[in-house]
Structure formats: structure tokens, C-alpha cells
Amino acid sequence: MRIRNVILSCGAVLVLLLAARAQSNSGELRLKVLDPDGFGVRSTVELVSEANQYRYTFTTDDQGSLDAKRLPYGIYQVQIQAPAFAHVSEAVEIRSALPVDRTIRLKVASVSESVNVSADATLIDPYRAGSVNQIGEETIQNRLTALPGRSMQDLVNSEPGWLYEGNAVLHPRGSEYQTQFVVDGIPLTDNRSPSFGPEPADADDIESVVIYTAGIPAEFGRKMGGVVEVNTLKNQDPGFHGQLTLFGGAYNTAGIDTQDQYTWNKNTFGLSASGDMTGHYLNPVVPENYTNNGTIGSFSMSYERDLTPKDRLTLIARHDLARYEIPNELVQQNGAYLPNSKNTTGCPAVPPSQEPSDCVFIPGGQLQTGDNFETMGSVSYQHIFSSDTIGVLRGMSRDNSLDFYSNPESWPLIAAQHNDFKEIYFNGSISVHHGRQEWKAGIESDNIFLHENTSYVIPACVNPNDPQCPINLGILDSGATTFAFQGHRPDLEQGAYVEDLIRLGNWTVNAGFRWDHYQLLLNQNAVSPRLAVSRYFPSIGLNIHASYDRIFQTPSFENILLSSSPAAEAIDTSLPALQLPVQPSHGNYYEWGATKAFLGKLRLDATAFRRQVNNYADDSQILSTGISFPIAFDHAVLYGAEAKLEVLRWRRFSGFASYSYIVGNAWFPVTGGLFLGDDAINPTTGHFPDSQDQRNTVRARVRYQVAPRLWFALGCDYNSGLPFQPDLTPQQYATEYGQVVVNHLNFNRDRILPYFTQNASVGVDLYNKEKRSVRFQADAANLSNTLEVIDFGGLFSGNALGPSRTFTFRLQTTF
């Protein structure tokens, strides 16, 4: 055992020294600009793809060359300007990982010559086989300023089909904890919400985001609710460039973030660092926002070198940390008298001269804290074998720890947790261009070594049948339960895939197969076919598409060893228990839809979908400890529709409006997980609403350019409310959370009441010359100061509330 640990540690150190990033579905343009005599011309080149929300201005070197890397697949408009030469505008298509070489000869401009160029032709991608949501630089730059730890999640949550539960946990189309972030080619399959792990990437570090919820390429597997591809590497302009961001606002929020890069010859060195603090880190459980301070920080370095025109090496190292408090309920903060099982009349609101025999006094003053540390490194090597073949190797190692602490005044239990995992990941792929086809095949191996250490003291119950037992009764006596668990085990997952992107005139087909192997609690294999087909009608600017995805989803590994251990039944021997190994999910995703351009300025995306999943993944918690773990139900059916209308650039206006409709139901019996007490009674039939069954969601934001350096924006969000499953009376909930929270619940329908919020922003370019700028932005969120009950029955306690009216300011300097 010791030898293995030494080998793993050494391997982690070696890979940490070599860290890398490279986006999967992206390509490269190598452009050379020549004069009529064939000599290189130093010129300005603007590259635009409205469909990808990509717009960047390059400058060629003295030989007329430039290399635009990490371009998301699509059609781009290349616009070239050089003194004494006529303007040039040409289209170029990026559809392969292989670099596209393009040489453009300029013509001498005539005195009266003028050229009007337009990127309208790139408004939709006519050869995209499935539906994809893109988030580009302009949207990222002008976004609402987020609270620390969730800027990346806020961007994703702005897209149709995505929902928040408490603490920025993303749920795509009704899936629970099945979001996969692929950060520069490296998949992160663990929970990346603020209460579990560091943010996948800060929004200021991000260049572009590509989001899949259907038509998912076969190279992606294991966590298939939604795939979020993130590119953080910057364009490599020669010399020293960077960005410094300062922000602050409500809840004593403040932060600083910097990204700096120096490029010389064929080398690029990057450095980024950030530090943030806030008094609203997690979603509080009561409006008073008790005990909710948090601080986060990150530091990373990168190095990329083009060893030869055919070989590229990219290295990166990153360290993240977070320290935060767990929000308290009213009783946990202030203390109170609560009734025990003998009480029939209630308890006094203020301490009497003599404590009633049928009431228990909870002193208050709870303080629970958590922290998370992650060190990660990866390496990427790319080699071009020929003009038709390219290969990429990637490796990643990381060490992640998560801790939970409680002070002696904590109620209803004193809990501690020290979990960590070490991960070693590898993948290799090869891409081949052949005629109308783009073949890609690859393998991956992910080895995660889990270590769990959990302990707590649970108060005893006078009456085990009391509906408030054991968690809402504060009696510590000789029957109190002390529990401790330690466990470790490897989670071994492997995969292989092959996919083919085929162009047949106006038809595009993306077909693939994937094989997965999973070994933790169970040992399973699966083969998953994928198919996406589209047809483009150029005369009317319409692209229709349909897709089928067979999915194999591995269970979340957070606390899975504890919940699956026989020791977990000792949490309370007075309660019945049901314990089943959590099965991987198998399912079928169907989607059909269309993308239509209007007037060369507007784009409408509309889709309908249906998901049928066996062993439907969900999560539960041990009593109310905040220690969550995966569970599974027999099957689930989720269906709905989504639409998004975007105005990318129309005179002074830009913006979007989106609508999502979803219905989700899960069916008994339970097929995996740990259940105690009444939850251990496993019905064999029946169904219930999926916890993300929010029927109607509307989001909109409109931006108006008042002057070349001044803009303002207005936005709104409408949420019809998630379902909840009450296990206490409204009066009992009011004691814990306050009457104002209970007033936002419909106990007849077991749903949270709808809420509607508004936001506004204003931005000013204080300085803007060439690639140097100073921008100031002010944001106001939740203008009506609406109480947002996002979730009821959330992770750490009873519910999760959104922020009240907030004001934030952001100053960004780019050079």
C-alpha cells in the first residue's frame, strides 16, 4: 500500500509540473497575407463568427502571418485591412482539429474604391448537426457581476434548459449532479458548486463556452446531463498583455483578478491570480443571511510552445482554495424552546422562570464551517502527422480535499468531515480528414482514489416515532448516538469512442459510438450510439436538426463509500434501513428543433426534447447533516421545450429572450442508495415530480449602446417554482425559517410560489485605444427586492434563498 501511494504521489508531482489545456471541438486558422508580388504584408485582420459569438482583431507579423488558435467549429468571416491595399472579406470554415492554411493576396486600392463588409452570413452555422449554445467574449464581458465562486455557473444558468438549486448547483434538463465541465480539453466530473469544490473557471478567465444538452459528441461520456466546454487560453498576441479586474458591492463583497501573458517567438507564458470575499457565499436558509462569510482564491501558471510547425506542447498548474461558513436557521442562530414528543400545547417564545418539562431549550450560537483545496496540473501534446491527420495526448492529475467543522453549540448535531480524492486522468485522440468526412477516435482513463472520514454526534429521541425525531429534537442524553466512518476505494473508469462528421451537400451527419467501463461499487460496461442529423435550407436561412443520444452515466462519488458501507446502518439502530448499491444510469435522449435567421440580425433557436432514464440519479442526505450522497430510482421521464431569440447586433440594440418548459417525473421503486426510517419503506409503484420540475422559466436581457463608449442594459427572470416534499407543518417550518419564507410556499400543490426579478446595468469605456482599455460597469440585481425561494428542502438545511437587492461595481483594465 505504501509503495502504491508513493508511486501515485510521484506521478501527481510529475504531471503537476506539466499542466495543459486544449479545447476539444475547436480548430485553428493559419493565415498568410501577401501583396501582389508575393511579399508579406503587416495588416489588421478581424475574425468574426456571429453564430459562435466570436469577434477578435489580430495583427499579422512582418511576414504577413498569423495563427488563430482554439476557434470553435463554424464559419468565420475574415476581414483584412492594410494601408494602400483594398479591403478583403472572405469566408473560411473551421470543422476539424487540423489547422486550416489560407493565403490571401491583396490588391492595390483604387482612389474611389470602398468596400462594405458584413458578418451576417455567419449568423447561423448551416453545417452544425445538433443544437449547441454558445457564449462568447462580448456576453462574458458585459455579464451581470456574480457573487464570488459562481460566475461560471451564472453564465451557464443564463441559457435555456438550465436551473439552479441551492448553492449554484446546476441542473440541465432535470438531471441531478450530472453536469460535466470540460476545461480546455480536461473533463471535470465532480460537483463544482461552491459548497463542494472550486469554480471550474472564473468568468474573467474564459474566452468562450460551448454547451451541449443533446446531440452530444461520442467523445463525451460518464456525466451526461449537460456538457460545458470551456476555453480559457487567450489569443497569443506578441509581447506583454493582460487584464486587471477590481469589483465590489453588497454583502461586503470585494475581489481582485488578474490575467497576464507574455508571448515571444514560439513561446507563451501565462499567469493568473484572484482573491475574493463576500458575506453571501452560499444561499442562506433564512432572509437574515446568518453566518455566510466566504473567501476564495486561485493561482495558475501556463506555458505553451510550438516546438515545430507540427508539434505543440502546453503546460499548466493551478491551485484553488475556499473557506466559508454554513448558513444557520433561526433556531441554530438565536436559540429557542422546541416541543418534545410529549408536548401538545407548544412552547414559550421567551425563556420562562422554570423550563417546561415538555420543551427543550436550544441555546443557539451554531457555527459550522467548510473549506476546499484543490491542486491540479495537466499536460497536452499535439502532433500533425500529415495535412489530413492530427493526434493529441492529454494528462491530468489533481488532489482535492473537502472539510466540514462544527462548534460545540451546533444543533441538531455536531458533525465533522475530512474527505479527499486524488485523480489521474489520461486521454488520447486522433483526427483524420478524408473527403467529406472528419473522423475522430480516442481513448480515456480516469482513476479516482477516494478517501472519506466522517463523524458526528446525534441526539437521542424520547419517542422514535415522533415526526420531528431525531433531527429536530434537541435532547442529548445517554441514548445519544456517536458515529464515525473511514473508508477508501478507487473509482476506475475507462472509455473509447469513434465518431464521424459527414457533409452531404446541405445535409450534415454526426454519428458515433462510445464504450464505457465503470468499477466502484459495481462493475459494468456499456456501448452508447450517438446520432445527430441536420438539413440546411439556404433560400430561407433555416437549419432543422434531430438527434438521438444513448447515455451511460456513472453515479456521483461524493460520500458514496459512507452511504454504501454497512457501517451506515449504525447511524441510528432504532430506525429501519434500506441500502442498495447505486447503479449507473442508462437512458435515451431525443431532441428535434430548428434554427432560423431573420433579416440578417436575429436568430431563433427552438427545440423540443424527451429523456427516458433508467436508474435515474438523484441525491439525498444522511438525516439533515448536509452530508449528501447519490441515490437512484427505477426510471424517470423528462420532456419539454426551449426557445431563444437573440438580437446579436441591430443598430444600437443587442440582447436575448428565452423560455424553457419542462415536466419531469420519477418512478419507484428505489434502486440504489441509503434510506433510513420512513424513507426505508420502498414503494413498488407510483411516481412523483422530479426535484427540478420547474414548468416555466423566462429570462431576458436587452442592451442599448447609447454612445460609442456608453451602454445600459435591462433584464428579468421569471421562475414558476420548484416542487418540495413537506415533512413538517407550516407552523413548524415557520419556527425554523420564519413566516416570511413559509408565505412563499403553496402547501396545497407542494410547490414554491413563482417569483419575478429584474436587473439593470450600465457600462462606460473610460479609455479605449487599440488594445488598451479601461471599462467601468455598475449592476443592480433583484431591483424589486423580491424574496427568491429558490429551493425548499435544500442541501444543508431546509431551503435556499437568493440574494436581496444588490449593487455591484466592476473596473476592468486591459492592456
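Because the structure is a prediction, the values reported are computed rather than measured. (Residues numbered from 1 in each chain as written. Predicted model: local features only at pLDDT ≥ 70, side-chain atom pairs only at ≥ 80, totals over all residues. Heavy atoms only, no water.)

On to the confidence of the model for the chain. Per-residue confidence for the chain averages 86 on the pLDDT scale, and 88% of its residues sit at or above 70. Confidence drops under a pLDDT of 50 for residues 1-23, and excluding neighbours within four residues, the segment shows 56 contacts in the predicted structure. For the stretch residues 111-117, pLDDT sits under 50, and the model shows five contacts to residues farther than four places along the chain or on other chains. (pLDDT = per-residue confidence, 0-100. Contact = heavy atoms within 4.5 Å.)

Taken together, four strands build an open sheet; the order of strands is E3-E2-E5-E6 and the sheet is antiparallel. In this open sheet, the two edge strands, each paired with only one partner strand, are strand E3 (54-59) and strand E6 (88-94). Taking each pair of neighbouring strands and ignoring which way they run, the sheet shows an average axis angle of 20°. Sheet topology places strand E5 (residues 74-81) next to E6; seven bridges connect them, and they run antiparallel. (Pairing = 2+ DSSP bridges. Helix = DSSP H or I, 4+ residues; strand = E, 2+ residues; numbered from the N terminus. Axes fitted to C-alpha atoms, helices over the stretch in contact; angles between N-to-C directions.)

Turning our eyes to something else, we now look at the packing of aromatic side chains. Applying the stated criterion to the full structure yields 21 aromatic pairs. Here Tyr262 and Trp264 contribute two aromatic rings whose centre-to-centre distance is 5.3 Å and whose plane-to-plane angle is 20°, an arrangement assigned as stacked. Between the aromatic rings of Tyr733 and Tyr737, the centroid separation amounts to 6.1 Å while the plane-to-plane angle is 20°, which identifies the pairing as stacked. Taken as a pair, Tyr733 and Tyr737 lie in helix H6 (residues 730-737) at a separation of four residues, close to a single helical turn. By relative accessible area, which is 5% here, Tyr733 ends up buried. Among the aromatic residues, ring-to-ring pairing joins Phe724, Tyr733, Tyr737, Phe747 and Phe792 into one connected group. The ring centre of Tyr589 lies 3.9 Å from the NZ or CZ of Arg611, which sits over that ring. (Phe/Tyr/Trp six-rings, centres within 6.5 Å; stacked < 30°, edge-to-face > 60°. Buried < 20%, exposed > 50% of the residue type's maximum accessible area, 1.4 Å probe, protein only. Lys NZ or Arg CZ within 6 Å of the ring centre and 35° of its normal.)

Residue position: Gln79 is located in strand E5. According to the relative accessible area criterion, Gln79 is buried, its value standing at 12%. Along the sequence, Gln79 and Val45 sit 34 residues apart, while their C-alpha atoms lie 5.6 Å from each other.

With that out of the way, let us pick up the sheet that holds strand E1 (residues 26-34). Strand order across the open sheet formed by three strands is E4-E1-E7, with mixed pairing between neighbours. Strands with a single pairing partner mark the edges of an open sheet, and in this sheet they are strand E4 (65-72) and strand E7 (99-105). Strand after strand, the sheet turns through a mean of 20° between neighbouring axes, direction not considered. Note that E1 and E7 share seven bridges and pair parallel. Looking across to E7, one finds that Leu31 is bridged to Arg102.

Turning our attention to H6. Regarding H6, the residues found buried are Tyr733, Ala734, Glu736 and Tyr737. The arc enclosing the buried residues of H6, seen along the axis, measures out at 165°, which places them on a common side. Packed against the buried residues of H6 are helix H4 (330-334), helix H7 (739-742), strand E42 (789-792) and strand E43 (799-801). One or two residues past the end of H6 sits Gly738, with phi positive at roughly 100°. (Arc of directions from axis to C-beta.)

Let's shift gears to the pattern of salt bridges. Enumeration over the complete set of coordinates arrives at 46 salt bridges. For the salt bridge of Lys644 with Glu159, the shortest nitrogen-to-oxygen distance reads 3.0 Å. Of the two residues, Lys644 is situated in strand E33 (residues 628-650) and Glu159 in the loop between helix H3 (151-157) and strand E9 (162-164); the sequence distance between them amounts to 485 residues. Comparing Lys644 with Glu159, the two get one shared label, buried. Glu493 is paired through a salt bridge with Arg222; the nearest N and O atoms lie 3.2 Å apart. Separated by 271 residues along the polypeptide, Glu493 in strand E26 (residues 481-504) and Arg222 in the loop between strand E13 (208-212) and strand E14 (226-231) bring together distant segments of the chain. In the salt-bridge network here, residues are joined through shared partners; they are Glu28, Arg30, Asp67, Lys69, Arg70, Glu304, Asp306 and Arg312. (Salt bridge = Lys/Arg side-chain N within 4 Å of Asp/Glu carboxyl O.)

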